[in-house]
Amino acid sequence: MDTFRFINIGFGNTVNAGKIIAIVSPDSAPIKRLVAKAREDGRTVDATQGRKTKAVLIMENDRVVLSALLPETIRARAQGTREGVAEAREDAAEAREDAAVTGQDSEEVREWHY
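No experiment lies behind these values; they were computed from the predicted model shown.

Draft legend 1. Structural detail: the pattern of salt bridges. Taken as a whole, this structure holds 4 salt bridges when the rule is applied. For K37, the salt bridge is made with D41, and the minimal N-O distance between the two is 3.5 Å. Residue K37 and its partner D41 are located together in helix α1 (residues 29-41), separated by 4 residues, close to a single helical turn. For K37, a relative accessible area of 43% gives the class partly exposed. Given a relative accessible area of 41%, D41 falls into the partly exposed group. A salt bridge links D62 to R43; its shortest N-O distance comes to 3.5 Å. Taken as a pair, D62 in the loop between β5 (55-59) and β6 (64-67) and R43 in the loop between α1 and β4 (44-47) lie far apart in primary sequence, 19 residues in all.

Draft legend 2. Up close: the nonpolar core. Counting residues in hydrophobic clusters, the biggest one holds 12 residues: I7, I9, V15, A17, I20, A47, A55, L57, M59, V65, L69 and I74. For this core, the secondary-structure elements that each account for two or more residues are β1 (6-10) and β5. Among the elements that line this core, the one with the most residues is β5, at 3 residues. For V65, the residues in contact, after removing those within four places along its chain, are I9, V15, V45, A55, V56, L57 and M59. Core analysis: the second largest hydrophobic core is formed by 6 residues, A38, V56, V64 and L66 among them.

Draft legend 3. Representation of the packing of aromatic side chains within the structure. As enumerated under the stated definition, the model contains 1 aromatic pair in all. Ring geometry for F4 versus F6: centroids 6.2 Å apart, planes at 35°, classification tilted. Among the residues examined, F4 registers a relative accessible area of 55% and is labelled exposed.

Draft legend 4. Summary view of the sheet that holds β4. With mixed pairing, 4 strands are arranged side by side in an open sheet as β3-β5-β6-β4. Across the chains shown, the open sheet's two edge strands, defined by having one partner strand only, are β3 (20-24) and β4. Strand after strand, the sheet turns through a mean of 20° between neighbouring axes, direction not considered. Sheet topology note: the β4/β6 ladder contains 4 bridges and is parallel. Considered in β6, the bridge of A47 is made with S67. Most of the contacts of α1 go to β6, to which it runs at about 115°, and overall it touches β3, β4, β5 and β6. Relative to the sheet, helix α2 (residues 71-79) contacts β3, β5 and β6, its axis offset from that of β3 by approximately 145°.

Draft legend 5. Spatial organisation of α1. Spanning 13 residues, α1 covers 18 Å between terminal C-alpha atoms, matching the ideal 18 Å at 1.5 Å per step. Along α1, the residues classified as buried are I31, V35 and A38. Angularly, the buried residues of α1 cover 65° about the axis, an arc narrow enough to put them on a single face. For α1, the exposed residues set more than 90 degrees away from the buried face come down to K32, R33 and E40.

Calculation rules
Residues numbered from 1 in each chain as written. Predicted model: local features only at pLDDT ≥ 70, side-chain atom pairs only at ≥ 80, totals over all residues. Heavy atoms only, no water. Salt bridge = Lys/Arg side-chain N within 4 Å of Asp/Glu carboxyl O. Helix = DSSP H or I, 4+ residues; strand = E, 2+ residues; numbered from the N terminus. Buried < 20%, exposed > 50% of the residue type's maximum accessible area, 1.4 Å probe, protein only. Core = buried A, V, L, I, M, F, W, Y, C linked by side-chain atoms within 4.5 Å. Contact = heavy atoms within 4.5 Å. Phe/Tyr/Trp six-rings, centres within 6.5 Å; stacked < 30°, edge-to-face > 60°. Pairing = 2+ DSSP bridges. Axes fitted to C-alpha atoms, helices over the stretch in contact; angles between N-to-C directions. Expected span 1.5 Å × (residues − 1). Arc of directions from axis to C-beta.

Quick look at the structure:
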């Protein structure tokens, strides 16, 4: 029986860490094309909550997951390192600051713990 290990990729969204093939930055032209093609084919899962995409997760099932967290943060969480925990706290603080700037209700902003 397989065990599942889920990691938070931002805003309460989680993915199965064992199904991640790659975690990459969205800035290169090939990744932009890959994301565009996945959107056309309906294979994209957008977990950014309207924020800028900072990481693209390529999954085993041919899905492409978009996250507002940095690739380094997601990698650290997948590896379960202490840096991942510290970065998760920094991301929560950043999300609260973003909410203050955009006028979001503070109750809408979730602080996640790892």
